[in-house]
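Topology and contacts: notes
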Amino acid sequence: MRDAPLDLHGDGPRRAFGHGKVILLGEHAVVYDQPALGAGLSLGVWAEAGDGTGELTASGWNLRARAGDGTAIGQAFAAILSRLEVDAAKVDVRLGGDLPTRAGLGSSAAIGIAVARAVAAVRGKDAGALALAAAADAEVVFHGTPSGIDLAAASSGQVGRFQKSVGWRPIAVLQPMTLCVGLSGVARDTRAQVDAVRRLRDRTPQVQAVIVAAGAVALAGESALERGDIDELGRLFDVAHGLLAALRVSSPELDTLVHLARGAGAIGAKLTGAGGGGAVIALAPGHERDVLAKWAAAGFKGFMAQIGSSRRDSSLDPVGIATPLPRALGVEAR
Ligand code: MEV
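Now for a look at the structure at hand. Since the structure is predicted, the reported quantities are computational estimates derived from the model, not experimental observations.

Not every one of the 13 residues close to the ligand is listed here, only the nearest: Lys-21, His-28, Val-30, Ser-147 and Asp-150. At 3.2 Å, a side-chain N or O of Lys-21 approaches an oxygen atom of the ligand. Asp-150 is positioned such that a nitrogen or oxygen atom in its side chain is 2.9 Å from an oxygen atom of the ligand. Out of a free accessible area of 300 Å², the ligand has 97% covered by protein chains. The cavity where the ligand resides is the largest cavity.

Structure (structure tokens):
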């Protein structure tokens, strides 16, 4: 449902968008400066900014927060305004969108970049680098020590390789492909999963070899994308899922989704994002509907997403909100 227009003075509201993302290969390893591949989704979050009193609302999600009110979303909003040097008492932001939250699909980064771009635009500031820096401050509030890949993909919307020390580089994908995205229905907590991997690596130094292997798999995936070798990419998805399980970030639900996908004809499947809960991605050329049907029969929601093209995701379950947004953002619904 479309919200009523904001009651604004000055130039009027500015609307900006942040893409959801999937990590194709290299999540967690990317925190340790290994390369990783990400892809923006056409699902995402919009933000509309205008004159106001420091309120952030999402009427569709029953969310109402104030800059710096002590909630995660309020603190993130305050961080964005502070970086943009905008007086919190003078701006309001409204949010909406179609991205499942806490599903490993980059909802916090999508919110951060959409809010930062909308506020920057309405205040006549640089909606490029400065807005990106503001959204990065918000990601730190949400996740502690993010690598930056979620934000890079949320901002680009394309397929790219990300490395902390290098940044985001777009990849020329030879042929667009369809991904099946399956939602475990269990909320993921990126900060907790990243901390758990760090503890595992500190205690068991051999884990570093798993992290390096995940980076090498991501590089091999980049060349498979450039060659249009979907079979090889599928095999690499399977290897990556095994490595992520070795890092202990898979879960019974994620393993079930992966096995169901393979049983329905997928040539590769893996968890995507932080794990623990969240989502899986599967490559199943010609069998996408079989995969979605298998997942649905087992009670899991899913949708298809086009990667490497500008076509809109064809969502079989158009909303599929895995977790109510307010809870995902650390506030209660009002
Ligand atoms: C989360 O989408 C990706 C992780 O690698 C964390 C990060 O890169 O900040 C798990």
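Before going further, it helps to examine helix α7 (residues 230-246). Across its 17 residues, α7 extends 24 Å between first and last C-alpha, which sits within 8% of the 24 Å expected from 1.5 Å per residue. Restricting attention to buried positions, one finds in α7 the residues Ile-230, Leu-233, Gly-234, Leu-236, Phe-237, Ala-240, His-241, Leu-243 and Leu-244. The inward-facing, buried residues of α7 contact β1 (14-25), β8 (177-183), α6 (207-227), α8 (252-263), β9 (268-272) and β10 (279-283). Once α7 finishes, Arg-248 follows within two positions and takes phi at roughly 65°, a positive value.

Turning to the pattern of salt bridges, a few remarks are in order. Within this structure, the stated rule accounts for 13 salt bridges. Between Arg-235 and Glu-232 there is a salt bridge, with its nearest N and O atoms 3.0 Å apart. With Arg-235 and Glu-232 both in helix α7 and three residues apart, this pair spans about one turn of that helix. Each of the salt bridges in this network shares a partner with another, and the network as a whole consists of Arg-15, Glu-48 and Arg-94.

Moving on to the environment of Leu-200. Take Leu-200: it is sitting in helix α5 (residues 190-203). For Leu-200 and Leu-247, which are 47 residues apart along the polypeptide, the C-alpha to C-alpha distance reads 7.6 Å. Setting aside residues no more than four positions away along its own chain, Leu-200 makes contact with Val-207, Ala-246, Leu-247 and Arg-248.

With 101 residues, the main nonpolar core has Val-22, Leu-24, Leu-95, Val-115 and Trp-295 as its most contacted residues. With eleven residues, helix α2 (residues 107-122) is the single largest residue contributor to this core. Aside from chain neighbours lying at most four places away, what touches Leu-95 is Val-45, Trp-46, Ala-47, Leu-56, Thr-57, Ala-58, Trp-61, Leu-63, Ile-111 and Val-115. Ranked by size, the runner-up nonpolar core spans eight residues in total, among them Val-30, Ile-149, Ala-152 and Trp-168.

Attention now moves to the packing of helix α3 (residues 129-143) against helix α4 (residues 149-156). Between α3 and α4, the shortest axis-to-axis distance is 10 Å and the interhelical angle comes to 135°. Looking at the two axes, α3 sits oblique to α4. As α3 runs across α4, the sense of the crossing is right-handed. Of α4, the residues touching α3 (which contributes Leu-132, Ala-135, Ala-136 and Glu-139) are Asp-150, Leu-151 and Ser-155. Residues belonging to the contact of α3 with α4 are distributed by class as follows: four nonpolar, one polar and two charged.

Here is what the cut-offs are and how they apply
Residues numbered from 1 in each chain as written. Predicted model: local features only at pLDDT ≥ 70, side-chain atom pairs only at ≥ 80, totals over all residues. Heavy atoms only, no water. Near = heavy atom within 4 Å. Polar contact = N/O pair within 3.5 Å; in protein donor to acceptor, adjacent residues only side chain to side chain. Areas by Shrake-Rupley, 256 points an atom, 1.4 Å probe, with all protein chains shown as cover. 1 Å grid on protein atoms, 1.4 Å probe; cavity = no way out; pocket = protein on both sides within 12 Å on 5 of 7 lines; lining within 4 Å. Sits in = over half its atoms within 2 Å of the grid points. Helix = DSSP H or I, 4+ residues; strand = E, 2+ residues; numbered from the N terminus. Expected span 1.5 Å × (residues − 1). Buried < 20%, exposed > 50% of the residue type's maximum accessible area, 1.4 Å probe, protein only. Contact = heavy atoms within 4.5 Å. Salt bridge = Lys/Arg side-chain N within 4 Å of Asp/Glu carboxyl O. Core = buried A, V, L, I, M, F, W, Y, C linked by side-chain atoms within 4.5 Å. Axes fitted to C-alpha atoms, helices over the stretch in contact; angles between N-to-C directions. Parallel < 35°, antiparallel > 145°, perpendicular 65-115°, else oblique. Left-handed = near helix turned anticlockwise from the far one by under 90°. Nonpolar A, V, L, I, M, F, W, Y, C, P; charged D, E, K, R; others polar.

Any functional reading would require information beyond the geometric quantities listed.
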